[in-house]
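Coordinate analysis (summary)
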Amino acid sequence: MALNRKIAYINLSTGEIETKPIPLEVRKKFIGGRGLDMYLLYNHTEPGIDALGPDNVAIVSAGLLSATLSSASARTHMAAKSPLTGAVGSTNMGGFFAPEMTWAGFHHLVVKGKAEEPVYIWVNDGNIEIRDGSHLWGLSTRDTQNALKQELGEEVQVLCIGPAGENLVRYANVMNGMKNAGGRSGLGAVLGSKNVKAIAARGTMDVEIRYPDEALEYDYEVMQHISGTKFAQIMGKYGTMFIQSVTNSTGLVRTQNFQHNQLLDAEPIECEHIEEYSFGTVGCFGCVIHCRHRYIVDGIYDEGPEYTAQGAFGWEVGCNNFETVLMGNHLVNHYGVDILEIGSMMAWAMELYEKGIITDKDTGGLKLEWGNDEAVLELIRQISFREGIGDILAEGPLRAAAKIGKDSLKYNIHVKGMSNLHSDERPSPALALGIATGTRGSDHLRSRPAIDLYHLPVFLLEKVYNNPVEYKGKYTSDYRDYEGKPWQVLWQEMMYMAIDLVGVCKYHCVFLSPNLMNFDHISKFLHYNTGLEMSPRDVWEVAERCYNIERLFNIREGFGRKDDTLVDRYFDEPTTRGLDIVRGRTIDREKFKGMIDEYYELHGWDENGVPTPETLERLGLDEEPSHML
Amino acid sequence: MAKKTAKTKGSEKADSRIGQVRCLNCFERYRVPPKAEKFTCPSCGWEWRVSWVNPKLAKIRGPMWDRIRF
């Protein structure tokens, strides 16, 4: 059964490998996936360690529902101290790795120390080995996976880093398959720093389902519902690129590094153009949506692209060439670097170039002009291999700004040292609050109340957001308002944490549609598949506990209220384009401060954003680190 | 096993929205004529380009760029 999957501690410095069962009391407190990873991260690291040193840990996990009769339970989570921000490092990817690791007998791997030479870790039916990986070093993510499949068998699933991870690019990603990327937080660099090129898994240890008939029936019912929604139908045809139609039309995309909020003449990069290059869609393990295309551009096969690719190689850098989007998407997958961070860093560099803060002398003659497709693709390579100005940009916003100097930092759009999604939150206080307070930095996947943009009626907002915990305040349908938004952000934090505990894809929960899975569904899936009796309220409480552990980690590392904010441009520079309702918008400083106050109060944190002793006691966190595992 | 797709009142209501789009400017819902490539919102007058996910499901593709320059 799912509850008997183990945890393994792999010490690369000593070669020791220890496996342990995960006690039921730990499961009830943290369930698994991201939540248990955060518990392990808090318990197995010391304050102030070097994120790229041997004292950091790299934790890889599957959610508790991975490989069960809960569809779309394909997500792999990774945690470590982030080399980009110094805060919580957390990243999540789809594909097939987590189910394979589960069938191999494990839900959590805690990788410690540092190998002397390049290695890969082989997880196979209850056994774990550290093997020589020197023949893999230098290979792209795709070649690494192919080499290991040749060596170990076609059925093997591989999680690996590319050249960017080896070169310690601080936002290097971790890849599984063609495009399933754990991009945020730079955890590819953490694996690179430990000389771990890859983790390969193969398993045949079945997961016993507690109530198989009921689990099948319930999964069928939920997936029938999901696949019948407009959201799933559009996602299945265009993937997340369909979002661009709405956000760019409205004026919600960060264009040319925040100088505008809409790319004019964006027709060439609209999602419909994928039909000219695609030969079908493909999904992750057990998914009914199938949100990514298989495409060929310039004779190269890849998968995607997503909304972030349109942003990174489209509106952010002022390009409106669909082939640049496709090729840029391929290169970041190939080299293993976070598409979101690299798009933001390139756009920032272009604005610095435009303003004369960096010149041809700094760029080696590379013309970093808006819309220069060739320069964009070349810069991806230079960053991944740390060549030329790429070596500076590979350091991420804060370190790169320190090296460039002048007033370069004021043009960078980041929170806690991590760049933002290619979106513009000035018209939407709820979205702005979400990125400002994200534990891993500027983040749309940890708290974004995206449905706030849909102008939903208040009765529907009450139905969604008052379950399983009731909010006493008022909601408003207008996404430009400030009222009720702190609660919506908090609710989404709990929703996304809950879905990450069980390893199900966010596109199946209340994220881009109000109509999808919530806490009730997770409670039932847990019951039918594992036998765990947890009410929706219990699931919420676990999510809250795990979110507070993330917060505790950050506080231990010196983060606090001063870091829960936006760069000045959000407050000072009005939006220039878009529909009338979003033009001329900024975030109001005083109202933003009020939202932060309410957000802290709702969480049970003090005015500095520190969980109060009462909150820690209520959540059973008053004795952390408790070293139960 | 699960009940097959017996239509409920709720799903009929959902079906009635198939083919409708929501104007991004005024948020009103309107049905787009089949195969239409352009659509003017009757409520606010904003003009949109339309694409079709399938023959019954319309989607706003983007604004009429030549009308919104500023």
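How each quantity is defined
Residues numbered from 1 in each chain as written. Chains lettered and ligands numbered in written order. Predicted model: local features only at pLDDT ≥ 70, side-chain atom pairs only at ≥ 80, totals over all residues. Axes fitted to C-alpha atoms, helices over the stretch in contact; angles between N-to-C directions. Helix = DSSP H or I, 4+ residues; strand = E, 2+ residues; numbered from the N terminus. Parallel < 35°, antiparallel > 145°, perpendicular 65-115°, else oblique. Contact = placed C-beta atoms within 7 Å. Domains from an automatic or database assignment. Nonpolar A, V, L, I, M, F, W, Y, C, P; charged D, E, K, R; others polar. Pairing = 2+ DSSP bridges. Core = buried A, V, L, I, M, F, W, Y, C linked by C-beta atoms within 7 Å. Buried ≥ 20, exposed ≤ 12 C-beta atoms within 10 Å, placed from the backbone.

1. Considerations on the packing of helix α19 (residues 485-502) of chain A against helix α21 (residues 536-556) of chain A
All names here are of chain A. Direction vectors running N to C along α19 and α21 enclose 95°, while the axes themselves pass 8 Å from each other. Overall, the two elements α19 and α21 adopt an arrangement that is roughly perpendicular. Counting all contacts with α19, which are made through Glu493, Met494, Met497, Ala498 and Leu501, the residues of α21 involved are Val539, Trp540, Val542, Ala543, Glu544, Cys546 and Tyr547.

2. Looking at the interface of chain A and chain B
Tallying the contact residues gives 22 residues for chain A and 15 residues for chain B. Elements with a minimum of two residues in the side of chain A that touches chain B: α7 (212-227), α8 (230-238) and α9 (242-250) of chain A. Tallying contributions element by element places α9(A) first for the side of chain A that touches chain B, with six residues.

3. Observations regarding the domain arrangement of chain A
All names here are of chain A. Along its sequence, chain A is carved into domain 1 (2-202), domain 2 (228-419) and domain 3 (429-618). Domain 1 and domain 2 are separated by 26 Å when their C-alpha centres are compared. The dominant element in the side of domain 1 that touches domain 2, judged by the number of residues it contributes, is helix α5 (residues 163-166), at three residues. Tallied by class, residues from the side of domain 1 that touches domain 2 come to 15 nonpolar, 14 polar and four charged.

4. Some points on the pairing of strand β15 (residues 300-304) of chain A
Bridge count for strand β14 (residues 292-297) of chain A against β15(A) is five bridges, and the pairing is antiparallel. Following the sheet pairing, A:Ile296 is matched in β15(A) by A:Tyr301.

5. Observations regarding the nonpolar core
All names here are of chain A. Formed by 217 residues in total, the largest nonpolar core has its most connected members in Ile59 and Ala349. In terms of residue count, the dominant contributor to this core is α19 (twelve residues). Excluding residues that lie within four positions of it along the chain, Ile59 makes contacts with Asp37, Leu40, Leu41, Met78, Ala79, Ala80, His108, Leu109 and Val110.

6. Regarding the sheet that holds strand β13 (residues 278-282) of chain A
Residues and elements named next belong to chain A. As summarised here, the arrangement of the three strands in space is β13-β14-β15, forming an open sheet in which the pairing is antiparallel. Edge positions in the sheet fall to β13 and β15, since each of these pairs with one other strand and no more. Each strand of the sheet is rotated relative to its neighbour by a mean of 25°, with strand direction disregarded.

7. A few points about the environment of A:Leu52
Residues and elements named next belong to chain A. Looking at where Leu52 falls in the secondary structure, it is placed in the loop between α2 (33-44) and β3 (58-62). Placed 421 residues apart in sequence, Leu52 and Gly473 show a C-alpha to C-alpha distance of 44 Å. When neighbours within four sequence positions are excluded, Leu52 is seen to be in contact with Pro83, Leu168, Ala189, Val190 and Ser193.

8. Here's the deal with the pairing of strand β1 (residues 6-11) of chain A
A regular strand places its side chains on the two faces of the sheet in alternate fashion. Residue and element names in this part refer to chain A. Bridge analysis of β1 against strand β6 (residues 106-112) gives six bridges, and the strand direction is parallel. Residue pairing in the sheet places Lys6 in a bridge with Phe106 of β6. Here β1 pairs with strand β2 (residues 17-20) via four bridges, running antiparallel. For Tyr9, the partnering residue across the bridge sits in β2 and is Glu18. If you look at the hairpin formed by β1 and β2, you'll find five residues sitting between the two strands, and Gly15 has a positive phi there, around 85°.

9. Thoughts on the sheet that holds strand β5 (residues 57-63) of chain B
Residue and element names in this part refer to chain B. Taken in spatial order, the three strands line up as β3-β4-β5 in an open sheet, and their pairing is antiparallel. The open sheet terminates on both sides in strands that have one partner only, identified here as β3 (38-40) and β5. This sheet shows a mean twist of 45° between the axes of neighbouring strands, independent of strand direction. Both β3 and strand β4 (residues 47-54) contribute to a ladder of three bridges, which runs antiparallel. By the bridge assignment for β4, Lys38 is matched with Arg49.

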